[in-house]
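# Topology and contacts: notes
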Amino acid sequence: MEKKYSLMQNMRYVLDGVWKYNRVILLLIPLNTLVTAVSPFIGILFPRQILDELLTAKRPERLCMLLAAFLLASSAAAYLAQCLRGVYMVQPVKVTKPYLNRLYQKCMDISFQCTEDADFLNNVQTARKGAGWGNYEGISGMLHKWFEAPGAVVALGGYIAIVSHLSLWILLYLTGCVGIHYALSLAGKRREHRVREELAGNQRRSNYLYDIMYDFSYGKEIRLYDLSDWLGNRFSLYRDKIRGIKEKQKNFEMWSTWVDIFLSFLREGIVYGYLAYLVFQDRMTIADFTMYAAAIGGFRWAFEQAAGHLADFHGLSMQIDDYRTFMDWPDAMEQAQNPVPIPPGPYEFRFRDVSWRYPGSSRYVFRHLNLEIAKGQRLALVGSNGAGKSTFVKLLLRLYDVTEGEILCNGIDIRRFDRKQYYDCFSAVFQEVLPLGFSAADNVGVSDGERIDRQRVDECIQKAGLGDKMRALKYGADTCVLKAMDDEGIEFGGEMQKIAIARALYKDAAMVVLDEPTAALDPYSEYQVFSQFEKMAQGKTTIYISHRLSSCRFCDAVAVFDNGALVEYGSHEQLVRTGKLYARMWEAQAQYYQ
């Protein structure tokens, strides 16, 4: 993603968030600025007065008064600074939380097609930093810098006033040295930002492998196939790439540090040599020497802090830019500008001259596909792996948009419907079921959010063939389906497909899609499930995908796919008689049931 916003634009963006979500920050920043700016001068001016008193008048009363004032002022300043910091530390979270929520919402709402785009996945990582996932990243980092930087800048003004009174040439020399420090810091920030996407891609892959290695659901395969070294080597490969990127950055930082040390050595020698020269020439008192030495050290600190903060502002602005640009990421799927109402079910569909290919690929999965699905029809999709069945379903569900042609629902192009409302028309069960770390009841009734109908949940669990299992559990349907989330939870394993089937039954949508829903079930359980769906699908348009062709006998028609093309269409009995691909597949499976 190219940089779109300037530093000032991103600062205004963050300020708008502060004004909207947490204005307390605007009160704490000036208070901290005052305390931070005054504190250093307590340690410069009071010691000068104390030393001057010791070397000249030596009045006990005044000396005690100066010491008491010094201790009181420094203690009060330190206490106030610590209190303000403690109060402020929790404030940025109140601002970053809505930005992170919007990021997560975009990830959940954007079209499914984008989630298979590597650039999109890499930019999710960088955008999360920009939103302030870490305390000192993106928006959160900017807010922390706002808290710290103003005090350093105001203090710098005081140091400039003191040092300029000593010598303008010393002031200019110190400014030049610190300017080089700033230039090196900014160069480091820019180098870090240039490699962010490469770093994010390798971190995403290494995190995936790390998740597999500690996810016990992969435990059987890891042990039986001795995958520990295989996974570990690939994890190490990506970690080595990450380390290589970071080492280059650290080498640059180390080089910058050596340059800074050399300049510091040169600077200290010249400046303190000049102060010593003035003392030897009786042009400066010991008290003034102490004050100017402390002021010059403070000037260097304040200038480096201010320059460092400015470099950090630029670096943080780049991260915020990543977030804002990601939030502007265009949806890969066309959004209906004036969506038309979705007609009531049952539904009929027509694939009219549909072609589809993955974005950026020249190879078409489908070319000029034409197929009609009648209202209330039960259609089975059959074919070998990679034949295009699941892609067909994703196009029907509008998880993908067609590359060419159109898909009509009751005569209306599905792209004219509101996408979320269109999804509401489907109850779907996919081959891969990912459990949600909540109770079985929540997993079944999730389509109703917090308004779950427990009676319907229990009925659907019974219909899906899980009634006996649930009744045998201590907490019944309130049992968590992931042990990692609850000590008394259980792993449902292959029976998660029955949970998914119960979820589809609960949603009771007008269109039913079953993509290998019984792959993990035995033939008898499969028969029971399809019998239940036979009752549920009465009057509804239903799509089945299954490698077990016995399920096709429940269907009105069978569509046979091969290499992305529709090669046969008809009833189970008709296709068996043709002696073609479907008949050969049927015969190959039937022999195992004879």
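Everything in this summary refers to the structure shown in the same document. (Residues numbered from 1 in each chain as written. Predicted model: local features only at pLDDT ≥ 70, side-chain atom pairs only at ≥ 80, totals over all residues. Heavy atoms only, no water.)

## Section: the overall build of the chain
In plain terms, the rule: Per the convention used, a helix needs a DSSP run of H or I reaching at least four residues, while a strand needs a run of E reaching at least two, with both numbered from the N terminus. For this measure, only C-alpha atoms enter the radius of gyration; the expected value for a globule follows 2.2 Å times N^0.38, where N is the number of residues. Residue burial is assigned from relative accessible area. The probe radius is 1.4 Å, only protein chains are included, and a residue is buried under 20% of its type maximum, exposed over 50%, and partly exposed in between. Contacts between residues were defined by any pair of non-hydrogen atoms, one from each residue, lying within 4.5 Å. Here the Shrake-Rupley method, with its probe set to 1.4 Å, supplies the accessible areas, and only the displayed protein chains count as covering residues. The convention is simple: Lys and Arg are positive, Asp and Glu are negative, and His and the chain ends are not counted. Here the site of a charge means atom NZ of a Lys, CZ of an Arg, CG of an Asp or CD of a Glu.
Secondary structure assignment for the chain yields 20 helices and 10 strands. By the compact-globule yardstick of 25 Å for 594 residues, the chain is too spread out, its C-alpha radius of gyration being 35 Å. Counting only residues that meet the buried cut, the chain has 45% of its 594 residues in that class. Partitioning the contacts of the chain with sequence separation of at least 6, the portion at a separation of at least 24 is 74%. Carbon together with sulfur atoms contributes 57% to the accessible area of the chain, which is approximately 31100 Å² in total. Side chains of the chain give 69 positive and 67 negative charges; the mean places of these two sets differ by 3 Å.

## Quick word on unusual backbone geometry
The backbone of asparagine 410 shows a phi angle near 50 degrees, a positive value even though the residue is not glycine. Structurally, the position occupied by asparagine 410 is in the loop between strand E4 (404-409) and strand E5 (412-413).

## Observations regarding the sheet that holds strand E10 (residues 565-570)
Test applied: By definition, two strands form a pair when at least two bridges between them are found by DSSP. Here an axis means a line fitted to C-alpha atoms, over the contact stretch when the element is a helix, while the angle between two N-to-C directions is reported on a 0 to 180 degree scale.
Strand order in this open sheet of six strands is E6-E7-E8-E3-E9-E10, and the pairing throughout is mixed. Each edge of the sheet is formed by a strand with only one pairing partner; in this case those strands are strand E6 (426-429) and E10. Sheet twist, expressed as the average angle between the axes of neighbouring strands with direction ignored, equals 15 degrees. Inspection of the sheet shows strand E3 (residues 378-382) paired to strand E9 (residues 557-562) by four bridges, in the parallel sense. Looking across to E9, one finds that leucine 381 is bridged to alanine 559. Of the strands in this sheet, E3, E6, strand E7 (511-515), strand E8 (541-545) and E9 touch helix H12 (residues 389-396), which is tilted by about 150 degrees from E8. Relative to E9, helix H20 (residues 581-590) is tilted by about 100 degrees, and along the sheet it contacts E3, E9 and E10.

## Things to note about the side chain of asparagine 123
The condition is simple: Distance and chemistry together define a polar contact, namely a pair of N or O atoms within 3.5 Å, with one atom able to donate a hydrogen and the other to accept it when in protein, and with adjacent residues in sequence counting only for side-chain atoms on both sides.
Its place among the elements puts asparagine 123 in helix H5 (residues 118-131). There is a polar contact of 2.8 Å between the side chain of asparagine 123 and the backbone oxygen of aspartate 119.

## Looking at the sheet that holds E4
The strand order across the open sheet built from four strands is E2-E1-E4-E5, with neighbouring strands paired in antiparallel fashion. Two strands close off the open sheet at either side, each with one partner strand: strand E2 (364-373) and E5. Pairing geometry for E4 and E5, over two bridges, is antiparallel. Residue leucine 408 lies in a different strand from E5, and its bridge partner there is aspartate 413.

## Things to note about empty space enclosed by the protein
Basically, it comes down to this: Whether a set of points on the 1 Å grid over the protein atoms alone is a cavity depends on a 1.4 Å probe fitting there but being unable to get out, while an open set qualifies as a pocket with protein on both sides within 12 Å along at least five of seven lines; lining residues are those with an atom within 4 Å of a point. Grid points are joined across faces, edges and corners, and a volume is the space filled by probe spheres set on the points. For this classification, Asp, Glu, Lys and Arg are treated as charged, while Ala, Val, Leu, Ile, Met, Phe, Trp, Tyr, Cys and Pro are nonpolar and the rest, including Gly, are polar.
Across all of its chains, the model carries one cavity of 30 Å³ or more by this definition. Estimates place the volume of the largest cavity at around 40 Å³. Together, Leu395, Arg398, Tyr400, Asp401, Val402, Ile407, Asp413, Ile414 and Arg415 line the largest cavity. For the lining of the largest cavity, the residue count by class is five nonpolar, no polar and four charged.

## What to know about the packing of helix H15 (residues 454-463) against helix H17 (residues 496-507)
Quick note on the threshold: Every angle not falling under 35 degrees, over 145, or within 65 to 115 is termed oblique; those three ranges are roughly parallel, roughly antiparallel and roughly perpendicular. For a crossing to be left-handed, the near helix must be turned anticlockwise from the far one by less than a right angle; the clockwise case is right-handed.
It is the contact of H15 with H17, at a shortest axis distance of 8 Å, that shows an interaxial angle of 130 degrees. When the interaxial angle is binned, H15 and H17 end up oblique. As for how H15 packs across H17, the hand of that crossing is right-handed. Across the interface between the two elements, Arg456, Val457, Cys460, Ile461 and Lys463 of H15 pack against Ala502, Leu505, Tyr506 and Lys507 of H17.

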